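Below, each chain spelled out in residue letters.
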Amino acid sequence: MTHYRITSLRIGELHLPHGGGIMRDPIHCWLVRGEGVNLLVDSGMAEVATVTRRLKVNGTRGGHQALREELAKEGLKPEDIQYIILTHLHFDHADNLDLFPDACVVVQRAELMAAIDPVPSQRIYYWRSTIDNLLARKRPGQLRLVEGDTDLLPGIRLLYVPSHTEGMQVPVIATAKGLVAIASDLGDHYRYWFPADPRATDRPQRSLTGAYLTGNIRSESERVWQAAMRRVQDSSDIVIPAHDFRIPVQIPEQWFAIPDSTDGDIAHHPFVETP
Ligand SMILES: [Zn+2]
């Protein structure tokens with residue numbers, strides 16, 4: 001059995017208006033290393049100045065330089081990456097692809113269609129820079145469009161889970177301790193997965209015991225989204241959300257299903273931005 005090691009690469013932050021305060025969301029890519037294979041799950045957001053200009057939200061870092069720096073900390077260069085699995089094509093998950101001309105980008109065919117013809121509420125999240133890069137990948141080895149659940153490599157299975165977007169996929173990756181689902185925006189903070197558990201959220205919702213919290217940015221119904229989260233949890237041992245500050249950095253060395261406490265979950269705490 002092939003086992004992989006996963007490192008969470010934090011390439012920046014977005015500071016999003018949320019309930020009168022500012023929610024800080026870390027932006028992650030995941031470096032997955034196995035026997036002779038280096039791959040990325042998601043390629044992150046553009047430089048924050050570009051994001052601010054286009055979406056009027058602030059943040060930090062992002063772009064090629066941040067991604068290069070985080071890879072360098074792991075002793076790697078962009079050309080060492082052989083595959084890039086994109087969970088979906090939103091701007092904070094699928095930019096920077098031009099840094100990896102020789103990697104094979106793996107995305108659901110339905111997600112490419114969603115990016116070209118989005119549901120209206122998601123038009124601002126799908127950027128031309130992503131679509132242009134995918135269309136420019138003319139060599140067969142540069143782009144692989146998959147349809148439905150797919151065994152990509154030994155120990156790496158892609159689950160097709162329309163929910164947040166029409167072509168959402170969640171990679172489930174074998175490690176020495178068990179199966180890790182990189183859940184991305186299917187549940188981007190621990191509180192979405194464990195909405196009634198006080199370790200996951202400082203605002204537990206007992207009415208949601210045994211169920212999930214689903215997001216507002218969605219292409220599918222709540223029922224479909226709930227079933228998608230159930231399937232991901234049933235198919236894995238731990239779930240890694242996209243934008244929680246508490247996510248483990250080294251997996252499987254750091255291994256927990258639910259964080260010990262809400263400490264470090266600064267999503268709900270008012271944050272004053274320094275200009
Ligand atoms: Zn998204």
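Preceding block: the structure.
The present account deals with the structure reproduced in this document.

**Brief notes about the overall build of the protein**
For the protein, the helix and strand inventory stands at six helices and 13 strands. Relative to a compact globule of 275 residues, whose C-alpha radius of gyration would be 19 Å, the protein shows 17 Å and is just as compact. Seen through its principal axes, the protein has C-alpha atoms that stretch 50 × 45 × 35 Å. For the protein, the share of sequence-separated contacts (at least 6 apart) that also reach a separation of at least 24 residues comes to 61%.

**A closer look at the nonpolar core**
The biggest cluster of nonpolar side chains holds 73 residues, and the ones touching the most others in it are Ile84 and Val232. Among the elements that make up this core, the one with the highest residue count is strand β2 (residues 21-33) (five residues). When residues no more than four places from it in sequence are discounted, the contact partners of valine 232 are Leu159, Val161, Val170, Ala181, Ala183, Leu186 and Val239.

**Concerning the environment of aspartate 102**
Examined against the element boundaries, aspartate 102 turns out to sit in the loop between β5 (83-85) and β6 (104-108). Under the C-beta neighbour-count criterion, aspartate 102 is labelled exposed, with 11 such atoms within 10 Å.

**Focus: helix α4 (residues 128-135)**
The set of residues buried in α4 consists of Thr130, Asn133 and Leu134. Buried positions in α4, seen along its axis, are confined to an arc of 100° and lie on one side of it. In α4, the exposed positions that point more than 90 degrees away from the buried face belong to Arg128, Asp132 and Leu135. On its buried face, α4 sits against β6, α3 (109-116) and β7 (143-146).

**Quick look at the pairing of strand β10 (residues 169-174)**
Within β10, six of the six residues are buried, leaving the element largely enclosed by the surrounding structure. Here β10 shows no split at all, with Gln169, Pro171 and Ile173 on one side and Val170, Val172 and Ala174 on the other all buried. When strand β9 (residues 156-160) meets β10, the two strands line up antiparallel, connected through five bridges. Bridging across to β10, leucine 158 finds its partner in proline 171. As paired elements, β10 and strand β11 (residues 179-184) share three bridges and run antiparallel to each other. Bridging across to β11, valine 172 finds its partner in alanine 181. Between the end of β10 and the start of β11, which pair antiparallel, lie four residues, with glycine 178 showing a positive phi angle near 155°.

**A closer look at α3**
Because each turn of an α-helix spans 3.6 residues, side chains separated by three or four positions in sequence point in the same direction. Looking at α3, one finds that the buried residues are Ala110, Glu111, Leu112, Ala114 and Ala115. Tucked inside the fold, the buried residues of α3 contact β6, α4 and β7.

Calculation criteria
Residues numbered from 1 in each chain as written. Predicted model: local features only at pLDDT ≥ 70, side-chain atom pairs only at ≥ 80, totals over all residues. Helix = DSSP H or I, 4+ residues; strand = E, 2+ residues; numbered from the N terminus. Rg over C-alpha atoms; globule rule 2.2 N^0.38 Å. Contact = placed C-beta atoms within 7 Å. Core = buried A, V, L, I, M, F, W, Y, C linked by C-beta atoms within 7 Å. Buried ≥ 20, exposed ≤ 12 C-beta atoms within 10 Å, placed from the backbone. Arc of directions from axis to C-beta. Pairing = 2+ DSSP bridges.

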